Amino acid sequence: MAKIFAIANQKGGVGKTTTSVNLAAALARLGKRVLLVDLDPQGNATMGSGIDKRTLERTVYQVLIGLSDVTEASVRSEVGGYDVLPANRELAGAEIELVDFDERETRLKEALAAVDDQYDFVLIDAPPALSLLTLNGLCAAHGVVIPMQCEYYALEGLSDLVATIKKVHANLNTNLKVIGLLRVMFDPRMTLSQQVSTQLERHFGDKVFRSVIPRNVRLAEAPSHGIPGVVFDPSSKGAKAYIDFGAEMIERLDTL
Ligand code: ADP
Ligand code: MG
């Protein structure tokens, strides 16, 4: 049975896509069968996996509105070693079209059930909003991974996200758990980063992942080559941190 994780944070630019792509590649390197679901109409996870979003006949959009199954719409990321259920701007329309569907929050969950035995991990890259697309991600998932920058406003958005997760847990998906908070773009030379990091550990205890992802230019450069950072420059600090994080996720599975 696949373990399904949504990588979510309603803020944009906090490292969701970088985490989704690099965790997918890290888990693949560790021998796991991985499907990465791009739920953001920007299609950054798709492009970052080396798949051209402009040439796709089928994407997650067709899956959500019932015109394709997951297998038909999925593409292999040869460079990453995992499968991708890709997205492009067409997906923005789903938000409106799904309103007329019954059980519109569980469309992705239903679709993923068909490939459950084909993967060890399904990772869902959520868009930067608490939208119907994000709800589909949260309903399909067993757990949420929340990437966070250790900055002053980081904690502010967190309460909205946690409230949404609680609502989804109560009404739609009793399996859902926060798996953990992942510190990303960490700069150890900044006192503020250290302070916020300590605060996170104090408040959230073992919900904070041990792995910390540093700010690392190689991770930022990799997407323009269509290659996950962990493959683009495996010896970089950022790549190593994501490999460690992959191992930590595998470890945490035992506690789920
Ligand atoms: P989101 O998906 O939450 O919008 P992204 O993963 O796209 O965020 O990251 C936002 C920007 O920050 C991107 O340009 C990305 O390359 C960069 N970035 C993400 N993580 C790191 C990191 N650890 N070090 C350096 N740059 C990063
Ligand atoms: Mg993104």
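One can find the structure itself at the top, above this paragraph.
To keep things clear, this report deals only with the structure shown in the data block. From a predicted model like this one, the values you see are computed outputs, not experimental measurements.

## A closer look at the site of ligand 1
Thought 1: Close to ligand 1 lie 14 residues; Gly13, Lys16, Thr17, Thr18 and Asn216 are nearest.
Thought 2: Here valine 14 contributes a backbone N or O atom positioned 3.1 Å from an oxygen atom of ligand 1.
Thought 3: Contacts to ligand 1 include glycine 15, whose backbone N or O atom sits 2.9 Å from an oxygen atom.
Thought 4: Its free accessible area being 560 Å², ligand 1 has 78% of it covered by the protein chains.
Thought 5: Among the cavities detected, the one that contains ligand 1 is the largest pocket.
Thought 6: Among the elements of the structure, α1 (16-29), β8 (208-214) and α10 (217-221) are those that each provide at least two residues to the shell around ligand 1.
Thought 7: In terms of residues, the shell around ligand 1 owes the most to one element, α1, which gives 3 residues.
Thought 8: A class-by-class count of the residues in the shell around ligand 1 yields 6 nonpolar, 6 polar and 2 charged.

## As for the packing of aromatic side chains
The geometry of two aromatic rings is summed up by the distance between their centres and the angle between their planes.
Thought 1: With the rule as written, the count across this model stands at 3 aromatic pairs.
Thought 2: Centroid distance tyrosine 152 to tyrosine 153: 5.2 Å. Interplanar angle 70°. Geometry classified as edge-to-face.

## Some words on α1
Thought 1: Its 14 residues place the ends of α1 20 Å apart at the C-alpha level, agreeing with the 20 Å of an ideal helix rising 1.5 Å per residue.
Thought 2: Those residues of α1 that sit buried are Lys16, Thr19, Ser20, Val21, Asn22, Leu23, Ala24, Ala25, Ala26, Leu27 and Ala28.
Thought 3: The first or second residue beyond α1 is glycine 31, which carries a positive phi of 90°.

The rules behind each value
- Residues numbered from 1 in each chain as written.
- Chains lettered and ligands numbered in written order.
- Predicted model: local features only at pLDDT ≥ 70, side-chain atom pairs only at ≥ 80, totals over all residues.
- Heavy atoms only, no water.
- Near = heavy atom within 4 Å.
- Polar contact = N/O pair within 3.5 Å; in protein donor to acceptor, adjacent residues only side chain to side chain.
- Areas by Shrake-Rupley, 256 points an atom, 1.4 Å probe, with all protein chains shown as cover.
- 1 Å grid on protein atoms, 1.4 Å probe; cavity = no way out; pocket = protein on both sides within 12 Å on 5 of 7 lines; lining within 4 Å.
- Sits in = over half its atoms within 2 Å of the grid points.
- Helix = DSSP H or I, 4+ residues; strand = E, 2+ residues; numbered from the N terminus.
- Nonpolar A, V, L, I, M, F, W, Y, C, P; charged D, E, K, R; others polar.
- Phe/Tyr/Trp six-rings, centres within 6.5 Å; stacked < 30°, edge-to-face > 60°.
- Expected span 1.5 Å × (residues − 1).
- Buried < 20%, exposed > 50% of the residue type's maximum accessible area, 1.4 Å probe, protein only.

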